[in-house]
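Architecture at a glance
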Amino acid sequence: VLPIIISTMPELQTILEEKDNGVQTLSFLMGCDEPSYWFVSFVMQFILSFFPYFFLSMYLCFGGMMNGTPISFMMTLSLLFIISHICFVLFLNVHNNISK
């Protein structure tokens, strides 16, 4: 549960702030194209999620409950989860924009 909470907070906070401020609409009005907007959204959310997962993986592999687990295995699982979670959150963001 802890990794889900840590990874979810930055993305949801960003989406809620963007919805409240109308950042996406303003970006498109100022001439930003869609691939650039989605790329920047993905990269920023990835960076915000990577560091908590990195430190959590380090803790679990070297001092926590999963002592002896290879760090490369934990980081691979973490990276795959981060990417899939961000894609899901961006899908929800697109779905909300279409339904309005």
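The sections below set out a description of the structure shown in this document. Every chain is numbered on its own, with residues counted from 1 as its sequence reads. Residues qualify for local features only when their pLDDT is at least 70, as the model is predicted, and side-chain atom pairs are given and counted only at 80 or more; totals for whole chains, interfaces and linings, by contrast, use all residues. Excluded from the side-chain calculations are hydrogens and water; all other atoms, namely the structure's heavy atoms, are used.

Right, let's get into helix H3 (residues 34-62). The end-to-end C-alpha distance of H3 is 42 Å, a good match for the 42 Å that 29 residues give at a rise of 1.5 Å each. Bend is the name given here to the angle between axes fitted to two runs of seven residues, the run ending at a residue and the run starting at it. Secondary structure elements are defined from DSSP: runs of H or I of at least 4 residues count as helices, runs of E of at least 2 residues count as strands, and each element is numbered from the N terminus. The largest bend in H3 amounts to roughly 25 degrees and is located at Phe50, with the proline Pro52 lying one to four residues further along. Taken together, the buried positions of H3 are Tyr37, Trp38, Ser41, Gln45, Ser49, Tyr53, Leu56, Ser57, Leu60 and Cys61. Here a helix's expected span is defined as the number of its residues, less one, multiplied by 1.5 Å. Each residue's exposure class comes from its accessible area (1.4 Å probe, protein chains only) as a fraction of the maximum for that residue type: buried when under 20%, exposed when over 50%, partly exposed otherwise.

A separate point is the nonpolar core. Listed in full, the six residues of the largest apolar core are Tyr37, Trp38, Tyr53, Ile82, Ile86 and Leu90. Elements with a minimum of two residues in this core: H3 and helix H4 (71-99). Here the nonpolar core consists of buried residues drawn from Ala, Val, Leu, Ile, Met, Phe, Trp, Tyr and Cys, with membership extended through side-chain atoms lying within 4.5 Å.

This paragraph deals with the environment of Cys32. Examined against the element boundaries, Cys32 turns out to sit in the loop between helix H2 (23-29) and H3. Judged by relative accessible area, Cys32 falls into the partly exposed class, the value being 31%. In what follows, residue pairs with any heavy atoms lying within 4.5 Å of each other are defined as contacts. Other than its neighbours up to four places away in sequence, Cys32 contacts Ser27 and Tyr37.

What follows deals with the environment of His85. Tracing the backbone through its elements, the reader meets His85 in helix H4. His85 sits in the buried class, given a relative accessible area of 15%. In sequence terms His85 and Ser49 are 36 residues apart; their C-alpha atoms lie 9.9 Å from each other.

On to the side chain of Ser78. Relative to the elements of secondary structure, Ser78 occurs in helix H4. A relative accessible area of 6% means that Ser78 is categorised as buried. In the analysis that follows, any N or O atom pair within 3.5 Å is treated as a polar contact, provided that within protein one partner can donate a hydrogen and the other can accept it, and provided that, for residues neighboring in sequence, both atoms belong to side chains. There is a polar contact of 3.2 Å between the side chain of Ser78 and the side chain of Ser57. Ser78 has contacts with Tyr53 and Ser57, leaving out every residue within four places of it along the chain.

Geometric values such as these leave the question of function open.
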